[in-house]
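If you want the building blocks of each chain, they are given just below.
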Amino acid sequence: MEPLDQELDESEIELPTEPMLLNVGPAHPAMHGTVRCVMELSGESIQKVDVQVGYLHRGFEKMCERGTWTQIFPYVDRTNYVSPMLCNVGFALACEKMLGVTVPERCQWYRMALGELARMSDHLTCDGAMAMELGAFTPFLWMIKGRDMIWDLMEEETGARMTHSFGRVGGMAAPPTAGFKENARAVSEQILKIIEEVERLLLGNRIFLDRLENVGIISQEDALSLGWTGPCLRATGLPYDVRKASPYLKYDEVDFDVPVGSTSDCFDRFMVRIEEMKQSARIIEQCIARMPDSGPVNIDDPRIILPPKDEVYNTIEGTIQHFKIVMEGLKLPAGEVYAYTEGGNGEYGFYLVSDGSGTPWRVRIRPPCFYVTSGLERVITGRMMADVVPCFGSLNMIGGECDR
Amino acid sequence: MGELKETNTQIIDPSGGQGFATTKAADLLAWAQKYSLFMYPFVTACCGMEFMAVSSPRYDFSRFGSEAPRFSPRQSDLLWVVGTITQRQAPILRRIYEQMAEPKWVLAFGTCASCGGFYDNYTTVAGIDKIIPCDIYVPGCPPRPEAVLDGLMLLQDKIQSGDRRPATVKPRHDPVQDQSMGLVQLRRSRASSGV
Amino acid sequence: MAKHLIDLVTQKFPGAVIQSHSNHGDDTLVLEAASWHDVAQFLRDDPRCAMQMLVDLTAVDYPDRDPRFEVVVHLHSLTLGHRIRIKTRVGDPDGEVVRVASISDLWGSANWAEREAYDMFGVEFVGHPDLRRILMYPEFVGYPLRKDYPADKIQPLIAYREVENIEKLPPFGKDEGMSFGRQTHSYGQRSNEQESN
């Protein structure tokens, strides 16, 4: 000890300290590309964080006011782009609620099957990316392999691997293909195998468990107050699932469970998604078994659905119907409606305001992961810098949905 | 695999016509560069999902040497701009591009990065070439992984030949000209020129 | 169906309810702006309502109306299962003074939702702890989702490149760039003059 040190009292020494300001910027691999976290760190632990979103704001709600109701489907696809079919179906249901119509039964089963496939693709991406960010690259590759199988099926059905824009108000853009049922069955079986392999690989891994367990805990009251829904809310222990609470399509006629977590940490959010994929496979199996093989997919209403092309070219009624729907837009009655479905991240709702013409007055997309991301601050404050990676990954922030 | 159409292509000789040894060295350098492109994946939006698919074992761009993503601009050669760039994100993209060391190339992945896509509004930059020079444009919303691989191979050809002019990935085969499609060819002269 | 909620609120706050309807199955209450916070608090705290979650908060612009904007809130009770939409009308026709009480002290989800309504419409929430833009950048002037803001009016943060004809940069012409047709690898050949197809 230096003589100077021995003379000074501990309490007399005042070292200037200030928390370090770290900018985990928008171009960062852990930030899923478009979120900026300005953190005040004291050593490794985070004292304060300011989560700044909006780097992917593409002006969807403004663009929706410039077209027709059917032209919203591509925008809606690009909100939650990992499960675009769920978004299409959600918007179609919102417009149908406003019109007060129901689609035929075959379409309902078809929408459910495609939606659940999209949900599986969403959870595969989220869990795969989470594992990759923690260093486990192999499960990511396996899960993307599984997701590619779903996308192949989607390409067969809709024409596009993702962002299909396949839903229409009053039905779908095309009927199911002949091989849909076998393909869907085969795909969901393969994915269940992949999930099993991933579980074997990850769930016994000490490092993986240590990084996820008891990390990023949020209380149920906080989660509710913040407007969390979906897998993140279910991981806190609350079994709220729109498909069970307010069933739409044929969800009240199929048998499935709602997985719920207990500790509300990152591990629970991870596992809830894994279990939900297994439940989605169950739902798909039942949808395939019960979907009729023939019958109309679109509603039989000339004011809503485009007529088949040969009628457009050969009959005057078809031409007029086509013209009115395309040029003026499908007319929803004046008024407002709020309709919601279970998207990949939770309650995915639409608040539509119509003035009676074919152009929407206001389309508000209720983004589940906007509210979930607002909770990121509460989840990572007090934790260490390295915990940001699993916490943020487990919230499944999809930039397109959060920022619109 | 890109092939330039111009018959009067200017061969840009990096060695300036020096001689056998130096041109072979330049060739070797270009060969090394093109098969070891360290990429900076500047991923923002939906194209990021296709980017993940291209990186996954099925389509796999690491076969082309472009294996390692480097999240530091100092360590990367190829800037993949994947997804929509908004006005808010533009300064960040510019800064990342400026921080990269020469030689550097830019690949615009997707229609939003190439030309803004269908977002003609107050918040989107209509193509990254408004902000940074771009070498390869891969259109598509999102582009098929095969188109992305085409773009990568086109870039590799360009690196080998030393050409810095930008190029777009076009479909392998123009369906309009395909006689078996049964489309009515309304323009008589174009059909025979095979464009 | 939560008609009883409408009745509860109308009884408890007799002057507050301007209008109510249940179109399309959604129960809606239009409230006076002055009672906004009190009604919201009642809906959260009263055990017959028990709205634990603020599902969504947004605004709508009706430029022909006075007050011009409508702040729309959707509430949901997980325990009792019912939902309600409450609305209030604020703002002068020019959009200069648009103020309403903030309910971010009641529900945490209102924090970011109110910031977004401020960012997009310019609605000022009195009492919000941190009212600043969330989706647009701080240098942005104007409120994009208002009907009088043109959709394609850009305010770039950095200057665009000084390239002539920046709208039509190559290679978008028909003779530019890669050709149609089967590509072959031209590695090792300096002059790329192979014509294929």
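Quick caveat, the model's predicted, so the values are computed rather than measured.

### Here we look at the pairing of strand β6 (residues 335-342) of chain A
Residue and element names in this part refer to chain A. Burial analysis of β6 places seven of its eight residues in the buried class, which makes it a mostly covered element. Relative to strand β7 (residues 347-354), β6 runs antiparallel, the two sharing eight bridges. Counted as the bridge partner of Val337 is Leu352 from β7. Between the antiparallel neighbours β6 and β7 lie four residues, among them Gly346 with a positive phi of about 140°.

### Some points on the sheet that holds strand β2 (residues 28-31) of chain C
Residues and elements named next belong to chain C. On the basis of which strands lie adjacent, the open sheet formed by five strands has the order β1-β2-β5-β4-β3 and mixed pairing. Whereas interior strands pair on both sides, the edge strands pair on one side only; in this sheet they are β1 (17-21) and β3 (53-61). Shown here is a sheet whose adjacent strand axes are inclined to one another by a mean of 20°, direction ignored. Across eight bridges, strand β4 (residues 69-76) lies against strand β5 (residues 83-90) in antiparallel orientation. By the bridge assignment, Phe69 is partnered in β5 with Val90. Sitting on the sheet, helix α2 (residues 36-45) touches β2, β4 and β5, and the angle it makes with β5 is about 170°.

### Concerning the packing of helix α5 (residues 105-133) of chain A against helix α17 (residues 388-395) of chain A
Residue and element names in this part refer to chain A. Look at α5 against α17: their axes get within 9 Å of each other, and the N-to-C directions meet at 175°. Viewed along their axes, α5 and α17 adopt a mutual orientation that is roughly antiparallel. Along its contact with α5, which presents Ala129, Met130 and Glu133, the element α17 presents Val389, Pro390, Gly393 and Ser394. Here the residues of the contact of α5 with α17 are counted per class, giving four nonpolar, two polar and one charged.

### Topic: the interface of chain A and chain C
Contacts between the two partners involve 32 residues from chain A, matched on the other side by 26 residues from chain C. Elements with a contribution of two residues or more to the side of chain A that touches chain C: α2 (60-64), α4 (84-99), α9 (220-225), β6, β7, β8 (360-366) and α15 (368-374) of chain A. For the side of chain A that touches chain C, the element with the most residues is β7(A), which contributes four residues. Across the side of chain A that touches chain C, the residue classes tally to 14 nonpolar, eight polar and 10 charged.

### Considering the sheet that holds strand β3 (residues 105-109) of chain B
One open sheet holds the five strands; their spatial order is β1-β2-β3-β4-β5 (chain B), and the pairing between them is parallel. Only two strands of the sheet have a single neighbouring strand rather than two, namely β1 (39-43) and β5 (167-168) of chain B.

### Some remarks on α17(A)
The periodicity of an α-helix, 3.6 residues per turn, causes residues three or four places apart in sequence to face the same way. Residues and elements named next belong to chain A. Summarising burial for α17: eight of the eight residues are buried, a large majority. Three or more residues of α17 are buried, namely Val388, Val389, Pro390, Cys391, Phe392, Gly393, Ser394 and Leu395. Buried-residue contacts for α17 involve α5, α8 (206-212), α10 (231-234), α12 (266-290), α15 and α16 (376-380). A positive backbone phi angle near 55° is found at Asn396, which sits one or two residues after α17.

Definitions and limits used
- Residues numbered from 1 in each chain as written.
- Chains lettered and ligands numbered in written order.
- Predicted model: local features only at pLDDT ≥ 70, side-chain atom pairs only at ≥ 80, totals over all residues.
- Buried ≥ 20, exposed ≤ 12 C-beta atoms within 10 Å, placed from the backbone.
- Helix = DSSP H or I, 4+ residues; strand = E, 2+ residues; numbered from the N terminus.
- Pairing = 2+ DSSP bridges.
- Axes fitted to C-alpha atoms, helices over the stretch in contact; angles between N-to-C directions.
- Contact = placed C-beta atoms within 7 Å.
- Parallel < 35°, antiparallel > 145°, perpendicular 65-115°, else oblique.
- Nonpolar A, V, L, I, M, F, W, Y, C, P; charged D, E, K, R; others polar.

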